[in-house]
Amino acid sequence: MSPFDPRMMLKELPPAFVWVGILMLSLLLVPPAIILRARAVPSESRRIHIIQNMDNQPKYVDQQENTLFVDTRSMRPRVPGTIARSQMVSDTHYFLGTSEGDFATTFPSNVVIDEALLKRGRIQFEVYCLPCHGVRGEGDGPVHDRAMVLLNAGVNGTTWVQPKNLHEEAITEQPVGQIFWSISNGIRNMAGYASQIRLEDRWAIVAWVKALQYSQNAPVERVPGADTLPVRTKVEPGEGDAT
Ligand code: HEC
């Protein structure tokens, strides 16, 4: 047996050393036991949280008590008779596009129809509507083209409803309030844009849609030199030739 055999070494140790060693080893089991207990047993006090990472901040969260108020609720009830700022619909014509329960047939009085409004409407139309409805609103925007490619390629599950041609009579005859309403709230397969486009910009877009519609249906006498212009006919992709 080599002199380094552990059994030999233990035998040579004074017994007190052995007992102290055993005691130390048992003490080592205490922290894991405490951790296991803390993880298993519910407790009133906060858990130990060494790395704070700004997890605890002085603020009130839902349902928390706040002794500042007599009823100790931190979630304050609405003050009766008040309305949150920007949530007041005081003028249905301007905010909803309706007037006396029906779509408004005129622009609201605070929307000034001028060149600036049309320019703004054009910019916004080209950001938000052109992708689907196309630059002239004919329902032939790049998203539509792409959808047709996917549809024709039979990519799994592609379904598509063509964006409306805004020059269809059913739409040119709509009151401005109805177009405003469709932009704001969506219509059938088209989503609403109230959350993305500001109120005044939605009215500007309506003005631009009206201008586009007029541009495609203007009476000849309103277009100087109309008789000298070539007649534009719509050519479908892949159809027609250069003549
Ligand atoms: C993601 C594509 C998409 C975008 C973007 C889009 N539309 Fe549409 N729009 C549609 C589709 C699709 C329809 C037809 C919905 C249907 O018939 O189910 C439609 C229908 C319409 C109609 C016809 C409503 C009616 O009464 O039939 C109007 C007007 C219209 N859109 C205006 C706009 C305007 C203005 C914008 C820009 C703010 C816009 N759309 C943005 C896809 C789009």
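Check the entry above for the structure.
Residues numbered from 1 in each chain as written. Predicted model: local features only at pLDDT ≥ 70, side-chain atom pairs only at ≥ 80, totals over all residues. Heavy atoms only, no water.

**So, the layout of surface pockets**
Then, in step 1: In this structure, the largest pocket occupies an estimated 680 Å³ of space.
Then, in step 2: If you trace the largest pocket, you find 27 residues lining it, with H133, P163, K164, I187 and M190 closest to the centre.
Then, in step 3: Top contributing element to the lining of the largest pocket by residue count: helix α9 (residues 176-185), with four residues.
Then, in step 4: For the lining of the largest pocket, the residue count by class is 18 nonpolar, six polar and three charged. (1 Å grid on protein atoms, 1.4 Å probe; cavity = no way out; pocket = protein on both sides within 12 Å on 5 of 7 lines; lining within 4 Å. Points joined across faces, edges and corners; volume = space filled by probe spheres on them. Helix = DSSP H or I, 4+ residues; strand = E, 2+ residues; numbered from the N terminus. Nonpolar A, V, L, I, M, F, W, Y, C, P; charged D, E, K, R; others polar.)

**Remarks on the site of the ligand**
Then, in step 1: Close to the ligand lie 19 residues, the nearest being C129, C132, H133, Q174 and M190.
Then, in step 2: At 3.0 Å, a side-chain N or O of R188 approaches an oxygen atom of the ligand.
Then, in step 3: Comparing atom positions with the cavity grids shows the ligand to sit within the largest pocket.
Then, in step 4: In terms of residue class, the shell around the ligand is built from 13 nonpolar, four polar and two charged. (Near = heavy atom within 4 Å. Polar contact = N/O pair within 3.5 Å; in protein donor to acceptor, adjacent residues only side chain to side chain. Sits in = over half its atoms within 2 Å of the grid points.)

**A word on the pattern of salt bridges**
Then, in step 1: A complete count under the given rule lists seven salt bridges for this structure.
Then, in step 2: Put simply, D71 and R73 hold a salt bridge, and the shortest N to O gap is 3.3 Å.
Then, in step 3: The exposure class assigned to D71 is partly exposed, which follows from its relative accessible area of 35%.
Then, in step 4: Of the residues examined, R73 reaches a relative accessible area of 46% and is grouped as partly exposed.
Then, in step 5: Each of D71, R73 and R76 takes part in one network of salt bridges that share partners. (Salt bridge = Lys/Arg side-chain N within 4 Å of Asp/Glu carboxyl O. Buried < 20%, exposed > 50% of the residue type's maximum accessible area, 1.4 Å probe, protein only.)

**Side note on helix α10 (residues 199-217)**
Then, in step 1: Over its 19 residues, α10 runs 28 Å from end to end, which matches the ideal 27 Å to within 8%, given 1.5 Å per residue.
Then, in step 2: Listed in full, the buried residues belonging to α10 are L199, D201, R202, W203, A204, I205, V206, A207, W208, V209, L212 and Q213.
Then, in step 3: Elements that come into contact with the buried residues of α10 comprise α4 (92-96), α5 (115-128), α8 (169-172) and α9. (Expected span 1.5 Å × (residues − 1). Contact = heavy atoms within 4.5 Å.)

**Observations regarding the coordination of the iron atom of the ligand**
Then, in step 1: Bound to the iron atom of the ligand are the protein donor atoms H133 (NE2) and M190 (SD), situated 2.0 Å from the metal.
Then, in step 2: For the iron atom of the ligand, the six donor atoms in the first shell make angles of 87 to 179° at the metal, a pattern classed as octahedral. Highlighted residues: H133 in helix α6 (residues 130-133) and M190 in the loop between α9 and α10, separated in sequence by 57 residues.
Then, in step 3: According to the relative accessible area criterion, H133 is buried, its value standing at 11%.
Then, in step 4: Using a relative accessible area of 28% as the deciding quantity, one classes M190 as partly exposed. (Donors = N, O, S within 2.8 Å, 3.2 Å for Na, K, Ca; no water. Tetrahedral: all angles 85-135°; square planar, octahedral: opposite > 155°, others 65-115°.)

**Points about a nonpolar patch on the surface**
Then, in step 1: Residues L23, L27, V30 and I34 make up a contiguous nonpolar surface patch of roughly 380 Å² in combined accessible area.
Then, in step 2: Of all the elements in the fold, those that place two or more residues in the nonpolar patch are α2 (15-28) and α3 (30-40).
Then, in step 3: Relative to the assigned elements, L23 resides in helix α2. (Patch = residues over 30% accessible without salt bridge, like charges linked within 9 Å, V, L, I, M, F, W, Y side chains within 5 Å. Areas by Shrake-Rupley, 256 points an atom, 1.4 Å probe, with all protein chains shown as cover.)

**A look at α2**
Then, in step 1: Taking 1.5 Å as the rise per residue, α2 with 14 residues should run 20 Å; its terminal C-alpha atoms sit 20 Å apart, in good agreement.
Then, in step 2: In terms of residue burial, α2 counts as a barely covered element, since only zero of its 14 residues are buried.

**Things to note about the side chain of S182**
Then, in step 1: Relative to the elements of secondary structure, S182 occurs in helix α9.
Then, in step 2: Setting aside residues up to four positions removed in sequence, S182 forms contacts with I187 and M190.

**Remarks on the nonpolar core**
Then, in step 1: Within the largest apolar cluster, 21 residues are counted, with the highest numbers of intra-cluster contacts made by F125, I183, W203, I205, V206 and V209.
Then, in step 2: Beyond its immediate sequence surroundings of up to four residues, V209 is in contact with F125, L166 and I179. (Core = buried A, V, L, I, M, F, W, Y, C linked by side-chain atoms within 4.5 Å.)

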